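Next come the chains, spelled out residue by residue.
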Amino acid sequence: MKMIFLGPPGAGKGTYASRLTPILETPHISTGNIVRDEIKAQTELGKTIREYSDKGELVPDEIIIKLLAKTLRKPDYERGFILDGFPRTIKQAEALDKISKIDLVINLNVPDEIIIKRLSNRLTCEKCGTIYNKLTLKPKKDNICDECGGQLYQREDDKPEVIQERLNVYKKKTEPLIEYYRKKDLLKNVHCNDLMTPPEVIVEKIKLMINSVKNTSRS
Ligand code: AMP
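Not measured: the values here are computed from a predicted model. (Residues numbered from 1 in each chain as written. Predicted model: local features only at pLDDT ≥ 70, side-chain atom pairs only at ≥ 80, totals over all residues. Heavy atoms only, no water.)

Visitor: Describe the site of the ligand, with residues and values.
Guide: By nearness alone, 16 residues border the ligand, and T31, E57, G85, R88 and Q92 come closest of all. The contact in question runs from an oxygen atom of the ligand to an N or O atom on the side chain of R36, over 3.0 Å. In the environment of the ligand, a nitrogen atom lies 2.9 Å from a nitrogen or oxygen atom belonging to the side chain of R88. Protein chains bury 96% of the 480 Å² of accessible surface belonging to the ligand in isolation. Here the shell around the ligand gets four residues from one element, more than from any other, and that element is helix α2 (residues 31-40). Broken down by class, the residue content of the shell around the ligand amounts to five nonpolar, five polar and six charged. (Near = heavy atom within 4 Å. Polar contact = N/O pair within 3.5 Å; in protein donor to acceptor, adjacent residues only side chain to side chain. Areas by Shrake-Rupley, 256 points an atom, 1.4 Å probe, with all protein chains shown as cover. Helix = DSSP H or I, 4+ residues; strand = E, 2+ residues; numbered from the N terminus. Nonpolar A, V, L, I, M, F, W, Y, C, P; charged D, E, K, R; others polar.)

In structure tokens form, the structure reads like this:
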């Protein structure tokens with residue numbers, strides 16, 4: 001199954017995708033993680049990308065499309081994937097249409113006030129990228145990742161001054177994708193209106209949607 005998780009920054013795309021990956025045996029591709037890895041490696045490309053990412057702006061379409069296309073060429077993704085953070089513009093969606101056939105788009109609807117609370121309290125593992133939250137999803141040991149023992153940190157773009165910019169960018173450039181995929185009859189909506197809803201509850205809802213699409217395509 002080839003899926004896209006759509007939604008504003010902080011909607012939970014990465015959290016739900018990483019929980020669904022072992023259950024569905026479908027790999028998770030986060031373009032945000034690809035971008036952060038490139039920055040960490042301090043390549044020339046990483047330096048260029050950082051200028052956009054730290055400010056909460058989108059990396060130019062040509063760069064991110066190339067990075068994604070390179071990733072999708074790997075045999076690991078032949079049978080399926082959960083795409084998190086891509087596409088973010090109509091141009092990216094059109095490029096993706098040429099690379100791969102998508103089966104389902106899950107659109108995560110989360111109000112702005114929840115997004116802001118979530119992102120400003122989010123912690124990320126610098127080693128493996130696992131996501132925590134100071135309010136709702138605390139690690140067992142302060143600032144240490146449960147999964148790999150790595151150090152947790154606050155992403156540069158999760159700082160309050162950058163969050164609003166990311167939401168503005170989402171509304172202007174990414175939100176039109178909802179209509180794009182609705183017209184293709186690929187869109188399913190999931191709502192989360194409460195900050196304290198445990199991730200498992202949303203994961204269950206998404207699983208039901210995926211199964212219903214699988215059953216329809218079989219019959
Ligand atoms: P994320 O972890 O998905 O919030 O992504 C972090 C940052 O990486 C974004 O704010 C962008 O600067 C960059 N990025 C990730 N995915 C994309 C994309 N599909 N298009 C453009 N920029 C992206």
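Visitor: Can you explain the sheet that holds strand β4 (residues 104-109)? Please cite residues and give values.
Guide: As summarised here, the arrangement of the five strands in space is β2-β3-β1-β4-β8, forming an open sheet in which the pairing is parallel. Both outer strands of the open sheet, β2 (28-30) and β8 (187-191), are each paired with one neighbouring strand and no more. Strand-to-strand twist across the sheet, computed as the mean angle between neighbouring axes with direction ignored, equals 20°. Bridging between β2 and strand β3 (residues 81-84) involves three bridges; their strand directions are parallel. By the bridge assignment, I29 is partnered in β3 with L83. Sheet strands touched by helix α8 (residues 176-183): β1 (2-6), β4 and β8. Its angle to β1, the strand with the most contacts, is close to 145°. (Pairing = 2+ DSSP bridges. Axes fitted to C-alpha atoms, helices over the stretch in contact; angles between N-to-C directions. Contact = heavy atoms within 4.5 Å.)

Visitor: Break down helix α1 (residues 13-24) for me, with residues and values.
Guide: Over its 12 residues, α1 runs 15 Å from end to end, which matches the ideal 16 Å to within 8%, given 1.5 Å per residue. Residues of α1 that are buried include every one of K13, G14, T15, Y16, A17, L20 and L24, and no others. Following α1 by one or two positions, E25 has its phi on the positive side, about 55°. (Expected span 1.5 Å × (residues − 1). Buried < 20%, exposed > 50% of the residue type's maximum accessible area, 1.4 Å probe, protein only.)

Visitor: Explain the packing of aromatic side chains to me, using residue names and the numbers behind them.
Guide: Under the counting rule described, the total for this entry stands at one aromatic pair. Aromatic side chains Y180 and Y181 sit 5.0 Å apart centroid to centroid with 85° between the ring planes, which places their arrangement in the edge-to-face category. Exposure class is identical for Y180 and Y181. Each is buried. (Phe/Tyr/Trp six-rings, centres within 6.5 Å; stacked < 30°, edge-to-face > 60°.)

Visitor: Summarise the side chain of S30; cite the residues concerned and give the values.
Guide: Residue placement: S30 occurs in strand β2. By relative accessible area, S30 is classed as buried at 9%. Those residues in contact with S30 that lie beyond four places of it in its chain are R36 and D84.

Visitor: Summarise unusual backbone geometry; cite the residues concerned and give the values.
Guide: Cis geometry is adopted by the peptide bond preceding P87, which originates at F86 and carries an omega value of 0°. Here E25, not a glycine, exhibits a phi torsion of approximately 55°, which is positive. Relative to the elements of secondary structure, E25 occurs in the loop between α1 and β2. Residue E25 is classed as exposed on the basis of its relative accessible area of 71%. The backbone phi angle of D185 is positive, close to 65°, even though this residue is not glycine.

Visitor: Would you mind going over the sheet that holds strand β6 (residues 131-133) in detail, with residue names and values included?
Guide: Sheet architecture is open: three strands sit in the order β6-β5-β7, paired in antiparallel fashion. Of all strands in the sheet, those with a lone pairing partner are β6 and β7 (152-153), marking the two edges.

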